[in-house]
Amino acid sequence: MRTLCLDVGGTKVAAAVHDETLGPVTRRATAGDPWASVTDLLDPLAAGGIDQLGVACGGPMEWPAGVVAPLNIPAWVGGFPLRDRLAEKYGVPVRLHNDAVCVAAAEHAFGGWGVEDLLGMVVSTGVGGGLVLGGRLVDGGTGNAGHVGHVVVDPNGPVCPCGGRGCLEGIARGPAIVDWARSRGSKATDGVDLGRLAAQGDSVALQAFARAGNALGIGIASAIHLLDVQVVAIGGGISQVPSLWPTLRRTLAEHARLSYAREVRVEPAHLGQEAGLLGAAALFDDRYWSA
Ligand SMILES: [Zn+2]
C-alpha cells in the first residue's frame, strides 16, 4: 500500500510517500494560505498514485472528524475540515490524528523499543503525548488520551495556555522556558538559542532548563505510576537540549518510587524529525486506529 503521509506543524508542512519504507521527504513553510501549502506539497506526490492518506497535525482538533485548529496556524483557528477536504481532493481514505499521538504510534511501530506499553511525548512549542498500552494506541473518548502536557506539576505555578495553573506545558514548553530566562535577563531569542547558551555554561540558561527538567520529572513520575508503561520516549526540539536531562532524571528518581515505576526507561525518542510522518503512515495499521 502506498500511503501519502502529511505532517502539519506550526511553521512548516512535510510530506512523503510511505511504501514499506518512507520515501524522500519534502517540506514547505506554511506562510500564506496553509491549504495551498499543503496541496502544493501533496500534488506531485499524489500524482505517482496513492492508496490512502495519513495526517499528523498539531492540536487542538476534533477527532476522528479531522477538523483541525492548530494553535500556530491563524488561518485555521476557527476549525478547518482538513480530513474531508483532503478526502475530497485526492479521492482516497484519510486518517488524521494529533501529531504527538502520531509520534507515539511511530515510536511503538518503528522505534525498535521492543515493548507493548509506551508513552510518547513531544516537548517543543507545546508539550503533548500519546499512549500505547497492550500494543494498541489508546484514544480515549475524544482522541486526547496521553495528553501529558496538562498534568499539574505545580499547583502554584504559572498560568497555562489552557487556562489552568501549573500544568507541565505551562512550564516546560519551549516558549515558557525562554520567557522565564528572559525575565531573568537572558537575551536568548528562542529555545535553540537558549540551548546554545546552556551548552556554553550560561547560568540563567542552565537554570531555565533545570526548571523545565524538574517539571518534566514530576509530570512523568505521575504519568508512569498511573499508566504502568515500560518506556517514555521523548521527542521534540527541547528534548534535544542535554542540560534538560540531569534534573529530569534526578527529579524522576525522587518521585518514581514504586518498583514498577523505577524500572521505566525514560529516554530521547528513537525516531527524529520523520516521526510524525511515520506515525501518519502507522494510522492505517489498525493497532493505531480505533475510530
Ligand atoms: Zn494546561
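Rules of the game
- Residues numbered from 1 in each chain as written.
- Predicted model: local features only at pLDDT ≥ 70, side-chain atom pairs only at ≥ 80, totals over all residues.
- Helix = DSSP H or I, 4+ residues; strand = E, 2+ residues; numbered from the N terminus.
- Rg over C-alpha atoms; globule rule 2.2 N^0.38 Å.
- Buried ≥ 20, exposed ≤ 12 C-beta atoms within 10 Å, placed from the backbone.

1. Comments concerning the overall build of the protein chain
Link 1 in the chain: Within the protein chain one finds 10 helices and 13 strands.
Link 2 in the chain: Its C-alpha radius of gyration of 19 Å places the protein chain within 12% of the 19 Å reference for a compact globule of 291 residues.
Link 3 in the chain: By principal-axis analysis of the C-alpha atoms, the protein chain measures approximately 50 × 45 × 35 Å.
Link 4 in the chain: Across the 291 residues of the protein chain, 52% fall into the buried class.

2. Some words on unusual backbone geometry
Glycine aside, the phi torsion of most residues is negative, and most peptide linkages are trans.
Link 1 in the chain: The omega torsion across Gly-59 and Pro-60 is 0°, close enough to zero to call that bond cis.
Link 2 in the chain: By the secondary structure assignment, Pro-60 is in the loop between strand 5 (52-57) and strand 6 (61-62).
Link 3 in the chain: For the bond from Trp-63 to Pro-64, the omega torsion is 5°, close enough to zero to count as cis.
Link 4 in the chain: Tracing the sequence through the fold places Pro-64 in the loop between strand 6 and strand 7 (67-68).
Link 5 in the chain: You will see that Glu-20, though not glycine, has its phi angle at about 75°, which is positive.
Link 6 in the chain: In this fold, Glu-20 is placed in the loop between strand 2 (12-19) and strand 3 (21-22).
Link 7 in the chain: We note that Asp-228 has phi near 55°; this positive angle belongs to a residue other than glycine.
Link 8 in the chain: Along the chain, Asp-228 turns up in the loop between helix 7 (203-227) and strand 12 (231-235).

All we've got here are geometric facts, nothing functional implied.
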